[in-house]
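Letter by letter, the chains look like this.
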There are 4 protein chains.
Amino acid sequence: MSNSIGTCFRLTSFGESHGPALGGVIDGCPAGLAFDHALIDRDMQRRHLGTHATTRREADKVELLSGVFEGKTLGTPIAFLIRNSDTRSDDYEALKALYRPGHADYAWQQRYGIRDWRGGGRASGRETAVRVAAGAVAKMVLQQKGITLHATLVEAPQPAENDSAGGIIACRIDGVPAGIGEPVFGKLNSLIAAAMMSIPSAIGIEFGAGFEAARMSGSEYRDNWRDDFTTQTNHCGGIQGGISNGMPIEFRTAFHPPVTIPQPTTCIGADGHLTTLTPQGRHDSSHVARTVVVVEAMAAMVLADLVLQQQHSPLH
Amino acid sequence: MSNSIGTCFRLTSFGESHGPALGGVIDGCPAGLAFDHALIDRDMQRRHLGTHATTRREADKVELLSGVFEGKTLGTPIAFLIRNSDTRSDDYEALKALYRPGHADYAWQQRYGIRDWRGGGRASGRETAVRVAAGAVAKMVLQQKGITLHATLVEAPQPAENDSAGGIIACRIDGVPAGIGEPVFGKLNSLIAAAMMSIPSAIGIEFGAGFEAARMSGSEYRDNWRDDFTTQTNHCGGIQGGISNGMPIEFRTAFHPPVTIPQPTTCIGADGHLTTLTPQGRHDSSHVARTVVVVEAMAAMVLADLVLQQQHSPLH
Amino acid sequence: MSNSIGTCFRLTSFGESHGPALGGVIDGCPAGLAFDHALIDRDMQRRHLGTHATTRREADKVELLSGVFEGKTLGTPIAFLIRNSDTRSDDYEALKALYRPGHADYAWQQRYGIRDWRGGGRASGRETAVRVAAGAVAKMVLQQKGITLHATLVEAPQPAENDSAGGIIACRIDGVPAGIGEPVFGKLNSLIAAAMMSIPSAIGIEFGAGFEAARMSGSEYRDNWRDDFTTQTNHCGGIQGGISNGMPIEFRTAFHPPVTIPQPTTCIGADGHLTTLTPQGRHDSSHVARTVVVVEAMAAMVLADLVLQQQHSPLH
Amino acid sequence: MSNSIGTCFRLTSFGESHGPALGGVIDGCPAGLAFDHALIDRDMQRRHLGTHATTRREADKVELLSGVFEGKTLGTPIAFLIRNSDTRSDDYEALKALYRPGHADYAWQQRYGIRDWRGGGRASGRETAVRVAAGAVAKMVLQQKGITLHATLVEAPQPAENDSAGGIIACRIDGVPAGIGEPVFGKLNSLIAAAMMSIPSAIGIEFGAGFEAARMSGSEYRDNWRDDFTTQTNHCGGIQGGISNGMPIEFRTAFHPPVTIPQPTTCIGADGHLTTLTPQGRHDSSHVARTVVVVEAMAAMVLADLVLQQQHSPLH
């Protein structure tokens, strides 16, 4: 099912942008963990501050519904809710029967034969709020293992006037012991790549030396050993054969610019008729600033899932 | 489990490089499909021809064990076997207690506490033979839907003397109707990215305009409509909101160079002792040529899986 | 994960008896289905009327959070909430440090090392309210396929004074076409059995002639054909080789009596100390009447899941 | 997918009765386990001795293909093969176009639109050989945890002349610590029930006091504590709230008699035409004797899976 991610630490996400609420259910969070609600609030605030120009004024409040008792996790599902408060749909009425260029409107309609056309519906970037909340819970799991994540904006072109810009976000994960990840199809890089590509507007990912590695010779590329099992370089991004090698995990994700811009835009109707209009209302000219914490959240969920899966291995 | 990929069309892969056999079980291939064994042979041959210098002389033979009756698939698991014939392990004896730089040896040992040190064991590139065979079966499923895949080597630096080289492989998938892919976590780009990163030596992937899109403005990037629902450009690589939009699916995967090269190599022992040796035997100075068909195979499995999942949707 | 059931039609359930709320997320319900909230209300009411003596006065209200737009399902997750209103925990204070006989208290504590001791927490029968709501959605899917379910109480001994009683519930499913179910491990009877055994107090299940079939000869047992592909008897309960054969699906589930009774009860403390007390408050002396609709709900989810999985097969 | 069972210890089974081979792939068996091939041979022999009258003379040989190196498991998939040697299909030619009463022929044909009509194909009881081999590996995992299984035939009516008989098999599992099993949908009894119902001819299952418990009062039924955390009775069969309580796990599975008997048998053709014939060849008049080891194998896989899943919990 496409609205769940993870095996042992598993988030099921729900909600449309302009419906009653968004939220999630985390199944598999270990029992007995001190639950740090402030960490959720802090990351929700980070996401909010990254938002340049939206109609939503305050960081979303995350209401906890289950899974925590007397400040500790129960091992039962942790469900949470984020109410949608400011959900005027008038702005979108004109777009009800039109597919915008670059948007998921058309592909979504072909997929389901129906869509909530208000503000992107389920395809809205608002859905990442759920990821940030769940990612904060994943960070609680990782903290007690000494694993920390840090994402930063490494390329963020200035949006041109009446235009928009994308960017590149780097993420570094420290404290991952050697031996995390599965061989063959469940490689650590496979899971991170899938998680990153699931973020709206993501269009590429590279680990360590990345695309540049394709142009290096083997003697330049390979990370030579030091006698403490660290390596002199980290071209592989901390992953070998799909398994962590004890060096920091390092990757970069590219995001394309927002496609809604205050310029004449040619939309297509269901009958193939082309209509040009200029989008009204406030739209972000860039989204990468608020995506930094989303990158961390997705990476945290992948790592928490693997760390929990592997707690019992190997048998030695 | 990390040795399976897919939900409806699901491959479970097994086998070590120097054990009795490698093979796979495909569960979920539809019943009643004409089984084209020649397609498997052709792709196994393509993989073989891409191999520059190995000790294995002929393309591997794929022995079918189940799931096909009177030339048609039964809807039951299709199991197949590839025997390992030339499995001298002497060459590897010296490496038994040493971890090579850039290899999965050390990470694997930390993961499992034990490993088959002969020729890479389960981490060997030989395991991709199983993927090619299963990918050919996926292509049989896709053929009847009019979906075709074509991968090509777009960057392949010449290996320097006594050194190795990586490269970049592009893949284009034609005939995918709009509406294939799942929203949120099961996005088409997420699944393709995970599949590509699972190929040995893969280190980056980008769709459509890729990393370059991070530097484009929204007005440059967005793919404007034509009145037949195609778009004037394909910067998004045929995927919007994680769902195909009817344009060709386009992506590029970067591979780092092989890390075993005929030069002095400093390995580390389990006790942290560094030892320098020069690898003997024949090793490929490049692997990208034979990886082209592996890229196709992995993409074919992802597409076959999604197409089968979605045959019944939408309800309109 | 143990709080989810189903593959294509998948419920994830959450909530503790005395926490803020219980609820569920249904992923995989087809898009474009007319959503009949009255069917949910009706089944919630049936569950409520089967409750003899509880402190909860009215049938629970099911609040819809996502997945439905303008009266139709969107194909996105359908999330719903049932608030806990009357959640006094004083009654349970005495049981905080004691394990009752026949209850899940002790096993649960061993499993998680922590538990919400108020009213059974997650192990409470109250959790079945979530199943009933989700089962009603599954019935919406089945209705349009012409599949109907009918469960009835076939054995319901009268509880003795100050004691409790269990019973047997039969369920019949009509309209299931031949060919539903998976061979080997995903048999229709396997999935129904798992679903039934997941209902609190379930202790046995039998299909068709059931345990009596073990004492029949082959000539008595086998269901002989009529020339319209129906059979003269239905000893197999409508399932052969794990697959429906077009006859009604028939099975019976046995439930043991409630273990909390208003009689002196010897509990055990974490230190092994035995303490005798007499449970206070109102407890049901029987739960089978309200379990009838839960049996239907679980069976409906199993069938909806399989019907959706198989919509695309076979290829003929 | 219906040909796999388990999450952490996962068997994928393949093969038709009269195809080249049957076999399985076990993914998730821990690394470093001493591999006891003699245990596989012993259980295959037990299955063989339970076979009264078949054309296969010797116990099947299990050929290991991967996952074991120098006598120990590698943590990689353990694949194995059982060749079909005596596969004359002439006996079945007459049945090619006919559906026998009580058999899966018709339901299977409706499910897939095609079937291997030779000897039951994939629906053959021969498939249980794969389960027995995999179950023996699961027993290796359980042995080191001190968990043992013992199944016995508790009811086995004598087959009448030219007729067949079913029976009831009891199974007892000792050494399971309290706390094994998942709440809600992944209950230990749910998983065992699903596994048992997946065995050909299984028609009912009951735990502990079983169907009789439906007629007991709560005061009779509930298992009272002793001060060592054992209970005075074991009416619940060692499972409370879906989780083991430290007492032996006890359940009974009912099997209906074989439906192929040497008596006139009315089959139906695809056109609805009824034809009476008398089955030729040797068929078992009872199968419960050889099913005893299959019951153990399936239970062993369920327990191994849960024990491995839960090795890391709880967090205390």
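Residues numbered from 1 in each chain as written. Chains lettered and ligands numbered in written order. Predicted model: local features only at pLDDT ≥ 70, side-chain atom pairs only at ≥ 80, totals over all residues. Heavy atoms only, no water.

## What about the overall build of chain A?
Put simply, the rule is: Working definition: helices are DSSP H or I runs of at least four residues, strands are E runs of at least two. Numbering for both runs from the N terminus. Every radius of gyration here is taken over C-alpha atoms, with the globule rule written as 2.2 Å times N^0.38, N being the number of residues. Should any heavy atoms of two residues lie within 4.5 Å, those residues are counted as being in contact. Each accessible area is a Shrake-Rupley estimate made with a 1.4 Å probe; only the visible protein chains count as cover when residues are assessed. His residues and chain termini do not enter the charge count, which takes Lys and Arg as positive and Asp and Glu as negative. Every charge is mapped onto a representative atom, which is NZ of Lys, CZ of Arg, CG of Asp or CD of Glu.
Counting its regular elements, chain A contains 6 helices and 16 strands. Taking 20 Å as the expected radius of gyration for a compact globule of 316 residues, we find that chain A reaches 21 Å, a close match to that expectation. Projected onto its principal axes, the C-alpha positions of chain A cover 65 × 55 × 35 Å. A separation threshold of at least 6 residues defines the contact pool for chain A, and within that pool the share at least 24 residues apart is 70%. Here chain A has roughly 10300 Å² of accessible surface; of this, 48% comes from carbon and sulfur atoms. Averaging the coordinates of the 28 positive side-chain charges in chain A and doing the same for the 32 negative ones gives two points 3 Å apart.

## So, the sheet that holds strand β7 (residues 78-83) of chain C
Residue and element names in this part refer to chain C. Convention followed: Two strands form a pair only when DSSP identifies at least two bridges running between them.
Read across the sheet, 5 strands follow the order β1-β2-β3-β7-β4 without closing on themselves; strand pairing throughout is antiparallel. Here the strands that pair on one side only, and so sit at the sheet edges, are β1 (4-5) and β4 (63-64). Where β1 meets strand β2 (residues 10-15), 2 bridges bridge the pair, whose relative direction is antiparallel. Paired with S4 across the strands is T12, a residue of β2.

## Notes on the interface of chain D and chain C
Under the convention used in this document: Buried area is calculated as the accessible area (1.4 Å probe) missing from two parts once they are joined, with the contributions of both summed. Definition used for salt bridges: Asp or Glu carboxyl oxygen within 4 Å of a side-chain nitrogen of Lys or Arg. Any pair of N or O atoms that falls within 3.5 Å is considered a polar contact. Within protein, one atom must be able to donate a hydrogen and the other to accept it, and sequence-neighbouring residues count only if both atoms are side-chain atoms.
Chain D puts 99 residues into the contact, and the matching count from chain C is 99 residues. Between chain D and chain C, the buried area comes to about 7700 Å², and carbon and sulfur atoms account for 64% of it. At the junction of chain D and chain C, the tally comes to 4 salt bridges. Among the salt bridges present, the one from D:E155 reaches C:R215, with a minimum N-O distance of 2.8 Å. Here chain D is connected to chain C by 41 residue pairs in polar contact (both at pLDDT 80 or more). Sheet analysis places strand β11 (residues 202-207) of chain C next to strand β11 (residues 202-207) of chain D, joined by 3 bridges and oriented antiparallel. Residue pairing across strands places C:E206 opposite D:G204, the latter belonging to β11(D).

## Thoughts on the pairing of strand β3 (residues 21-27) of chain B
All names here are of chain B. To keep it simple, the criterion reads: Only protein chains enter the accessibility calculation, which uses a 1.4 Å probe; a residue is then buried when its area is under 20% of its type maximum, exposed when over 50%, and partly exposed in between.
The buried fraction of β3 amounts to 7 of the 7 residues, a majority that puts the element mostly inside the structure. The two faces of β3 match: A21, G23, V25 and D27 on one face and L22, G24 and I26 on the other face are all buried. Both strand β2 (residues 10-15) and β3 contribute to a ladder of 6 bridges, which runs antiparallel. In the strand pairing of β3, S13 is matched with G24. Where β2 hands over to β3, the hairpin turn is made up of 5 residues, counted between the paired strands. Pairing of β3 with strand β7 (residues 78-83), which is carried by 6 bridges, proceeds in the antiparallel orientation. Pairing of G24 across the sheet is with F80, part of β7.

## Section: the packing of aromatic side chains
Quick reminder of the rule: Classification of ring pairs rests on two measures: the distance between centres of Phe, Tyr or Trp rings, Trp counted by its six-membered ring, which must be within 6.5 Å, and the angle between planes, read as stacked under 30 degrees, edge-to-face over 60 and tilted in between. Should the NZ of a Lys or the CZ of an Arg lie within 6 Å of a ring centre and within 35 degrees of the ring normal, that charge is described as sitting over the ring.
Considering all chains together, one arrives at 30 aromatic pairs over all chains under this definition. Measuring from ring centre to ring centre gives 5.1 Å for C:Y106 and D:F229, while their planes differ by 15°; the resulting arrangement is stacked. Note that C:Y106 is positioned in helix α2 (residues 105-112) and D:F229 in the loop between α5 (218-221) and β12 (239-240), a pairing that runs across two chains. Put simply, the rings of A:Y99, A:Y106, B:W225 and B:F229 touch in pairs and so form one group of aromatic residues. Directly above the ring of A:Y112 sits A:R111, whose terminal nitrogen or CZ lies 4.5 Å from the centroid.

## Observations concerning the sheet that holds strand β3 (residues 21-27) of chain D
Strand order in this open sheet of 5 strands is β1-β2-β3-β7-β4 (chain D), and the pairing throughout is antiparallel. Each end of this open sheet is capped by a strand with a single partner; those strands are β1 (4-5) and β4 (63-64) of chain D.

## Examining the interface of chain B and chain A
The criterion, for reference: Lys, Arg, Asp and Glu make up the charged group, whereas Ala, Val, Leu, Ile, Met, Phe, Trp, Tyr, Cys and Pro make up the nonpolar group; the residues left over, Gly among them, are polar.
Taken together, the contact between chain B and chain A spans 99 residues of the former and 99 residues of the latter. The contact between chain B and chain A buries some 7700 Å² in all, and 64% of this surface belongs to carbon and sulfur atoms. Between the two partners, chain B and chain A, sit 40 residue pairs in polar contact (both at pLDDT 80 or more). By residue class, the composition of the side of chain B that touches chain A is 46 nonpolar, 37 polar and 16 charged.

## Digging into the relation of the copies chain D and chain C
Counted only if it meets this: When the copies are superposed, the least-squares fit takes in the C-alpha atoms of residues with a pLDDT of at least 70 in both.
For the pair chain D and chain C, the best superposition has an RMSD of 0.0 Å and corresponds to a rotation of 180° with a translation of 0.0 Å parallel to the axis. Such a combination of rotation and displacement between the chain copies is what one expects of a two-fold axis. The share of interface residues of chain D whose copies in chain C are also at the interface is 100%, consistent with both copies meeting through the same surface.

## Points about the relation of the copies chain B and chain A
Once chain B is rotated about the relating axis by 180° and shifted along it by 0.0 Å, it coincides with chain A to within an RMSD of 0.0 Å. Mapped onto chain A, 100% of the interface residues of chain B are again interface residues, and the two copies thus contact each other with one and the same surface.

## A word on the confidence of the model for chain A
Stated formally: Values of pLDDT, the confidence the predictor places in each residue, fall between 0 and 100.
Here chain A shows a mean pLDDT of 92. Residues at 70 or above account for 94%. Two summary scores accompany this predicted model of the complex, namely pTM at 0.96 and ipTM at 0.96.

## Observations concerning the pattern of salt bridges
All names here are of chain B. Summed over all chains, the structure comprises 68 salt bridges over all chains. For the salt bridge of D105 with R100, the shortest nitrogen-to-oxygen distance reads 2.9 Å. Considered together, D105 and R100 belong to a single accessibility category, that of buried residues.

## Points about the environment of B:R100
Along the chain, B:R100 turns up in the loop between β8 (98-99) and α2 (105-112). On a C-alpha basis, the gap between B:R100 and B:I268 in space is 6.8 Å, while along the polypeptide they are 168 residues apart. Here B:R100 is in contact with A:W225, B:L95, B:D105, B:T260 and B:C267, once residues within four sequence places are set aside.

## Notes on the side chain of C:S124
All names here are of chain C. Note that S124 resides in the loop between α2 and α3 (128-143). On the basis of relative accessible area, S124 is assigned to the buried category, the value being 12%. Of the polar contacts made by the side chain of S124, one reaches the backbone nitrogen of R126; its length is 2.9 Å. Apart from the residues lying within four places of it in its own chain, the contact partners of S124 are S17 and G119.

## Here we look at the packing of helix α4 (residues 188-197) of chain B against helix α6 (residues 288-309) of chain B
Residues and elements named next belong to chain B. For clarity, the threshold we go by: Structural elements are reduced to axes, namely lines fitted to C-alpha atoms, with helices fitted over the stretch in contact, and the angle between N-to-C directions of any two is expressed from 0 to 180 degrees. Put simply, a crossing is left-handed when the front helix is turned counterclockwise from the back one by less than a right angle, and right-handed when it is turned clockwise.
Interaxial distance between α4 and α6 falls to 9 Å at its minimum, and their mutual angle equals 145°. Handedness of the α4/α6 crossing: right-handed. Contacts between α4 and α6 involve L188, L191, I192, A195 and M196 from the former and V295, M298, A299, V302, L303 and L306 from the latter. Residues of the contact of α4 with α6, tallied by class, amount to 11 nonpolar, no polar and no charged.

## Notes on the packing of helix α3 (residues 128-143) of chain A against helix α6 (residues 288-309) of chain A
Residue and element names in this part refer to chain A. Applied cut-off: Just so you know how the angles are binned, under 35 degrees is roughly parallel, over 145 roughly antiparallel, 65 to 115 roughly perpendicular, and the rest oblique.
The interhelical angle for the contact between α3 and α6, taken along N-to-C directions, is 45°, at an axis separation of 7 Å. As summarised for this structure, α3 and α6 are arranged oblique, according to the angle between their axes. Where α3 crosses over α6, the two elements pack in a sense that is left-handed. Contacts between α3 and α6 involve T128, R131, V132, A134, G135, A138, K139, V141 and L142 from the former and V293, V294, E296, A297, M298, A300, M301, L303, A304, V307 and L308 from the latter.

## A few points about α2(C)
All names here are of chain C. Buried residues dominate α2, accounting for 7 of its 8 residues. All of the buried residues in α2 are D105, Y106, A107, W108, Q109, R111 and Y112. Where α2 ends, the next residue or the one after it, G113, has phi of about 75°, a positive value.

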